[in-house]
Amino acid sequence: MTVCLHLPFFFVHTNCTVRYKLSIFSTAIFLAGLTPFFGHALAAELSPPVETKKRAEQGAPVTKKDRPNPTGAPRRPSTAQDVRKVTSTDGASETIQVTASRHDLLGRAGTASEGSLTAREIQLRPVYRVGQILEAVPGLVVTSHSGEGKANQFLLRGFNLDHGTDLATFVDDMPVNGVSNAHGQGYTDLNFLIPEVLAGVDYTKGPFHADIGDFGVAGSDHMKLADDIPRQISLSAGTLGDYRAYIGGTTHFSNTGRWVNAFTLSHSDGPWRYPDNARSIRALSRYTYGSTKNGFDLTAMFYRGQWRATNDQPLDAYREGLIGRYGSLDPTDGGFSERYSLSAHYHLARDNWKWVTSAFAVHDRLTLWNNFTHYLDDPVNGDQQQQDETRTTVGGSSVYSRQDHVGLIRTETRVGVQGRYDFLHVDRRHTHQRITLPNCPSSLEATVPYLCNADTINLGAVGLFVQNTTHWLPWLRTVVGLREDYQGGTDNNLVDNSLTRKHQWLFQPKGSLVFGPWKKTEFYLSAGRGFHSNDFRSVSGSYASDEFTKGSVHVPLMTSAVSGEVGVRTTPFSHLHVQAAAFMIDFDSELSYDGDAGVTSPGPASRRQGVEFSAQYNPFTWLEFNTDLSFAKARYRAKNLASYGIDGTYVTNAPSFVWSFGVMVDRGPWYGGLQVRWLGGYPLVENNSLRSKGYQEVNMTLGYRFNKTIKLEASVFNVFNTRAYAAQYAYDYRLTPTAAIQSGATGHPLEPISARLAVTADF
């Protein structure tokens, strides 16, 4: 056993060879008492074969079998950094960080649009808020229309995904999307994440993967937690009243066990006339034993946040001088969120098979105060509503995979079962400055004193799947998947004491045909069926609105979609990796958020067509240029649009254009990243008579390492001080108690130029 010091971030000479080595620093943090203490320093070393200079410069993984793989192939142990040891011709050795945002999946990917993001992408990419880590997924925009503690707004492939609908998100294999959430179907709150413990992100697009079920039509992302992180303490402060303290590290045990602990405190005000005063606490404790082939892990996470929110405001309020650019008509909007989770994995493998079983339990609470329509329904007290949720989710998965040979034909088969069960109470109340009022003035709702809606929902979901990849010829392979989902549950309406039971099965075939590689180029044809679940309250009819009273809208428990994709993945010359895809998605029903009812409502059928392009160029191990480009056309395709109250075919808030460009540098003591994001325009109403221009934003980070233990990092956000709206909508509102009813655009301003300074010390 060797004991040594981890010395990262050295430049690699061109005549060097590369191999991986685990960090051998060790530490622990006693979270219960918030008292740091130190563990014994133990060395842990891998022994993969030595790579060539060419593969090192391309940023390729060490061995084919160890590469990250969204489709489920074996992975190497997760670390928060992609570290490589370099041995020069004179025998000296040093360790470098290879600057690469995405792993090369040529020869292993099942579709043209899937990918795997490295930890270096997460570390070097400038992000204003934690959820924007996912903007590293090509074509995905992560923005906000409310306070910092609320779930972000997601946009992908021509979808306004609201707070997460149709983007399946997992952290340590725990599903994050909240079914029948108080504020929107698929609500995805990522504020509990600690970026320092993320080891990478595997992502997919389209319903082409058998192991992705609910909410996965537009795409999915699996965020992986690291089994080993450096022992660090970090402090940061920003010009918009944002402060953060972090401490974390790993203790190594002689039995190959590793104990990762991390803890953060944060605060943010933002530029708002009424500061967010968003404060949060996050903690993680993770124990791993063995490897991803044979071993287990156990992870506990905790988060609590509280904030004031400046929601999107009517543009008329700005024009009439009622509020300034960063003002609010109701400064008492805000929220509270709390989350506890426990997750575990057990890995067992032999030469040609692997079995992975996972389990999780999550308990969370959420309260939101929102006033979107101001004095539309209650000219005296205003329209603020309080949305509450208490939820416990338990579940897990078990996946068996194996590789076989039939003559010269190689096959890989995965069989799995996934399940979750949600116990939740959700309600909505009418409030004034966060004080509950006895009446509910909205004409859409039946009311009882002090309660507008209240439901106790029990909902279970099970998915069974099998997926086979067969390599028929060196240049031909097929991926065939079959999935069957069941959802069923009960809704106890506490307003009228009714009880509703519903259940549904949904069969989903999926598959891809892959040609190549020829000269480092592969072609893909993919097709499949997927779905998103609907809010159980809209399925059961536990709230009343005009469309449902008329009986013109039938709401299934699961709404299906079919999609096709054709694409290419190529390395036309050394160090350049390119992906391109054209896609089409037909949805049986489009979901949209109903601010009056406080639920996500189904709409007419829709179609999306688009093309995507992505490229990464690594001319040196310390430098990368990357760009992503996406075009999409979203239209309703139902003939009875009038029955939904829709007077046009344009899907609102669906972006038609997304472009990003990034540079990442890590050479010697200097490192950093620059990111340009352009969200194109989108319609705010169905007849396209009112549109948003979208926005452009440039963010950058520059860091300097003074020595082996101290580094300083400066970030600038919205470098050119773009005056735009991060999110826009259109609906009816009344600005003052005596004003006339108006209908128009609303907007949440993009934060102005700001800076953040962070100092990090290894110990």
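A quick note: this is a predicted structure, and the numbers were derived from the prediction, not measured.

J.: I'm lost on the overall build of the protein in this one. Help?
T.: What the protein contains, in helices and strands, is 5 helices and 43 strands. Within the protein, buried positions represent 61% of all 763 residues. A fraction of 67% describes how many contacts in the protein between residues 6 or more apart in sequence connect residues 24 or more apart. Accessible surface for the protein amounts to roughly 28300 Å². Of this, 60% is attributable to carbon and sulfur atoms.

J.: In this structure, what is going on with the packing of aromatic side chains? I would like to understand it.
T.: Aromatic rings considered in pairs are described by the distance between their centres and by the relative angle of their planes. Scanning the entire structure with this criterion turns up 20 aromatic pairs. Centroid distance Phe 573 to Tyr 617: 6.2 Å. Interplanar angle 70 degrees. Geometry classified as edge-to-face. Taken as a pair, Phe 573 in the loop between strand E29 (558–570) and strand E30 (576–587) and Tyr 617 in strand E33 (residues 606–620) lie far apart in primary sequence, 44 residues in all. The exposure class of Phe 573 is partly exposed, given its relative accessible area of 48%. Among the aromatic residues, those joined into a ring-pair cluster are Phe 253, Tyr 287, Tyr 289 and Phe 296. The side chain of Arg 608 reaches across the aromatic face of Phe 159, ending 3.6 Å from its centre.

J.: Which parts of the structure should I look at to understand the environment of Val 171?
T.: Secondary-structure assignment places Val 171 in strand E10 (residues 167–171). Sequence spacing of Val 171 and Val 201 is 30 residues, and the spatial spacing of their C-alpha atoms is 9.3 Å. Setting aside anything within four residues of it in sequence, one finds Val 171 in contact with Val 176, Phe 192, Leu 193, Met 223 and Leu 225.

J.: Before we go on, may I ask you to explain a nonpolar patch on the surface in this structure?
T.: A contiguous nonpolar patch, built from Leu 235, Phe 706, Leu 712, Leu 757 and Val 759 and spanning about 440 Å² of accessible area, is present on the exposed surface. Along the chain, the position of Leu 712 falls in strand E40 (residues 710–717).

J.: For this particular structure, what's the right way to read the environment of Tyr 733?
T.: Summarising the element assignment, Tyr 733 is placed in strand E41 (residues 725–733). Sequence separation of Tyr 733 and Tyr 375 is 358 residues, and the distance between their C-alpha atoms is 6.8 Å. Setting aside residues no more than four positions away along its own chain, Tyr 733 makes contact with Pro 314, Asp 316, Thr 373, His 374, Leu 376, Ala 740, Ile 741, Gln 742, Ser 743, Gly 744, Ala 745 and Thr 746. Within polar-contact distance, the side chain of Tyr 733 engages the side chain of Asp 316 at 2.8 Å.

J.: I tried to follow the sheet that holds strand E19 (residues 313–314) on my own but got confused; where do I start?
T.: Strands in a sheet are paired, the pairing made by backbone hydrogen bonds, and the direction either parallel or antiparallel. A sheet is described by the order of its strands in space; here 3 strands give the open sequence E19-E42-E41, paired in antiparallel fashion. Bordering the open sheet on either side are E19 and E41, each of which pairs with just one other strand. Note that E41 and strand E42 (residues 742–749) share 8 bridges and pair antiparallel. Following the sheet pairing, Ala 730 is matched in E42 by Ala 745.

J.: Teacher, can you tell me more about the sheet that holds strand E11 (residues 174–175) here?
T.: Ordered in space as E6-E12-E13-E10-E11, the 5 strands form an open sheet in which the pairing is mixed. Edge positions in the sheet fall to strand E6 (115–117) and E11, since each has one partner strand and no second. In this structure, E10 lies alongside E11, joined through 2 bridges in antiparallel fashion. Across the sheet, Val 171 pairs through a bridge with Met 174, a residue of E11.

J.: How do you make sense of the pairing of E10 when you look at a structure like this?
T.: Along any regular strand, the residues point their side chains to alternate faces of the sheet. Burial runs high along E10: 5 of the 5 residues are buried. Burial of the side chains of E10 extends over both faces: Leu 167, Thr 169 and Val 171 are buried on one face and Ala 168 and Phe 170 on the other. The antiparallel hairpin formed by E10 and E11 contains 2 residues in its connecting segment, where Asp 172 sits at a positive phi of about 55 degrees.

J.: Which parts of the structure should I look at to understand the pairing of strand E15 (residues 243–252)?
T.: Counting buried positions over the 10 residues of E15 gives 7, a clear majority of the element. Pairing between strand E14 (residues 232–238) and E15: 6 bridges, direction antiparallel. Residue pairing for E15: Gln 232 is matched across the bridge by Gly 248. Taken together, E14 and the strand that follows it, E15, pair antiparallel across an intervening segment of 4 residues, in which Gly 241 is found at a positive phi of about 70 degrees. The sheet contact formed by E15 and strand E16 (residues 258–268) spans 10 bridges and is antiparallel. Bridging across to E16, Thr 250 finds its partner in Val 260. In textbook terms, the turn of a hairpin is the stretch between consecutive antiparallel strands, and for E15 and E16 this stretch comprises 5 residues, one of which, Thr 256, has a positive phi near 75 degrees.

J.: Would you take a moment to explain the state of the cysteines for this structure?
T.: Here, disulfide denotes a covalent bond that connects the sulfur atoms of two cysteines. Enumeration over the complete set of coordinates arrives at 1 disulfide. Between the sulfur atoms of Cys 440 and its disulfide partner Cys 452 the distance amounts to 1.8 Å. Residues Cys 440 and Cys 452 share a disulfide whose torsion about the S-S bond is about -95 degrees; that sign makes it left-handed. Here Cys 440, found in the loop between strand E24 (435–436) and strand E25 (453–473), pairs with Cys 452, found in the loop between E24 and E25; they are 12 residues apart in sequence, far enough to count as distant. Taking the relative accessible area as the measure of exposure, Cys 440 reaches 9% and is therefore buried.

J.: How should I be thinking about the environment of Asp 535 in this particular structure?
T.: Here Asp 535 is to be found in the loop between strand E28 (521–533) and helix H4 (536–540). Residue classification places Asp 535 among the buried positions, given a relative accessible area of 0%. For the pair formed by Asp 535 and Gln 185, sequence separation is 350 residues and the distance between their alpha carbons is 5.7 Å.

J.: Could you clarify how one ought to interpret the side chain of Glu 522 in this entry?
T.: Mapped onto the elements, Glu 522 comes out in strand E28. When its relative accessible area of 0% is taken as the criterion, Glu 522 is described as buried. Polar side-chain contacts of Glu 522 include one of 3.2 Å to the backbone nitrogen of Gly 107. There is a polar contact of 2.8 Å between the side chain of Glu 522 and the side chain of Arg 477. Setting aside residues no more than four positions away along its own chain, Glu 522 makes contact with Leu 106, Gly 107, Arg 477, Val 514, Phe 515, Gly 516, Pro 517, Gly 567, Val 568 and Arg 569.

J.: Quick question: what am I supposed to make of the side chain of Ser 116 here?
T.: Note that Ser 116 resides in strand E6. Relative accessible area serves as the criterion here: at 0%, Ser 116 is assigned to the buried category. Here the side chain of Ser 116 touches Asp 202 through a polar contact of 2.7 Å, side chain to side chain.

J.: Even after reading the chapter, I still don't get the pattern of salt bridges, so can you show me in this structure?
T.: One side chain can pair with another of opposite charge once the charged atoms of both are near each other. Under the criterion given, the structure shown has 33 salt bridges. In this structure, the salt-bridge partner of Glu 148 is Arg 129, at a minimum N-O distance of 2.8 Å. Of the two residues, Glu 148 is situated in the loop between strand E7 (141–143) and strand E8 (153–156) and Arg 129 in the loop between helix H2 (119–124) and E7; the sequence distance between them amounts to 19 residues. Of the two residues examined, Glu 148 and Arg 129, each falls in the buried class. Of the charged contacts in the structure, one is a salt bridge between Arg 607 and Asp 586, with a shortest N-O distance of 2.6 Å. Of this pair, Arg 607 sits in strand E33 while Asp 586 is found in strand E30, placing the two residues 21 residues apart along the sequence. Asp 586 sits in the buried class, given a relative accessible area of 9%. Each of Arg 157, Lys 205, Glu 565 and Glu 612 takes part in salt bridges that share partners, so that together they form one network.

J.: Explain the nonpolar core here, please?
T.: When a protein is soluble and globular, its nonpolar side chains tend to lie buried together. Within the largest apolar cluster, 45 residues are counted, with the highest numbers of intra-cluster contacts made by Leu 134, Leu 140, Phe 154, Leu 193 and Met 223. Among the elements of the structure, E8, E10, strand E12 (198–205), strand E13 (219–225), E16, strand E18 (295–308), strand E21 (353–370) and E30 are those that each provide at least two residues to this core. When residues of this core are assigned to their parent elements, the largest contribution, 4 residues, is made by E12. Counting 18 residues, the second-largest nonpolar core is a separate cluster that includes Leu 679, Tyr 682, Leu 684 and Ala 724.

J.: Explanation requested: the confidence of the model for the protein in the structure shown.
T.: Low pLDDT means the predicted coordinates in that region are not meant to be read closely. On average, residues of the protein score 86 in pLDDT, and 84% of them are at 70 or above. Low confidence marks residues 84–95, where pLDDT is under 50. Its contacts with residues over four positions away, or in another chain, come to 43 contacts. A low-confidence stretch, residues 544–551 (pLDDT under 50), is modelled with 13 contacts involving residues beyond four sequence positions or located in other chains.

About the thresholds
Residues numbered from 1 in each chain as written. Predicted model: local features only at pLDDT ≥ 70, side-chain atom pairs only at ≥ 80, totals over all residues. Heavy atoms only, no water. Helix = DSSP H or I, 4+ residues; strand = E, 2+ residues; numbered from the N terminus. Buried < 20%, exposed > 50% of the residue type's maximum accessible area, 1.4 Å probe, protein only. Contact = heavy atoms within 4.5 Å. Areas by Shrake-Rupley, 256 points an atom, 1.4 Å probe, with all protein chains shown as cover. Phe/Tyr/Trp six-rings, centres within 6.5 Å; stacked < 30°, edge-to-face > 60°. Lys NZ or Arg CZ within 6 Å of the ring centre and 35° of its normal. Patch = residues over 30% accessible without salt bridge, like charges linked within 9 Å, V, L, I, M, F, W, Y side chains within 5 Å. Salt bridge = Lys/Arg side-chain N within 4 Å of Asp/Glu carboxyl O. Polar contact = N/O pair within 3.5 Å; in protein donor to acceptor, adjacent residues only side chain to side chain. Pairing = 2+ DSSP bridges. Disulfide = S-S within 2.5 Å. Core = buried A, V, L, I, M, F, W, Y, C linked by side-chain atoms within 4.5 Å. pLDDT = per-residue confidence, 0-100.

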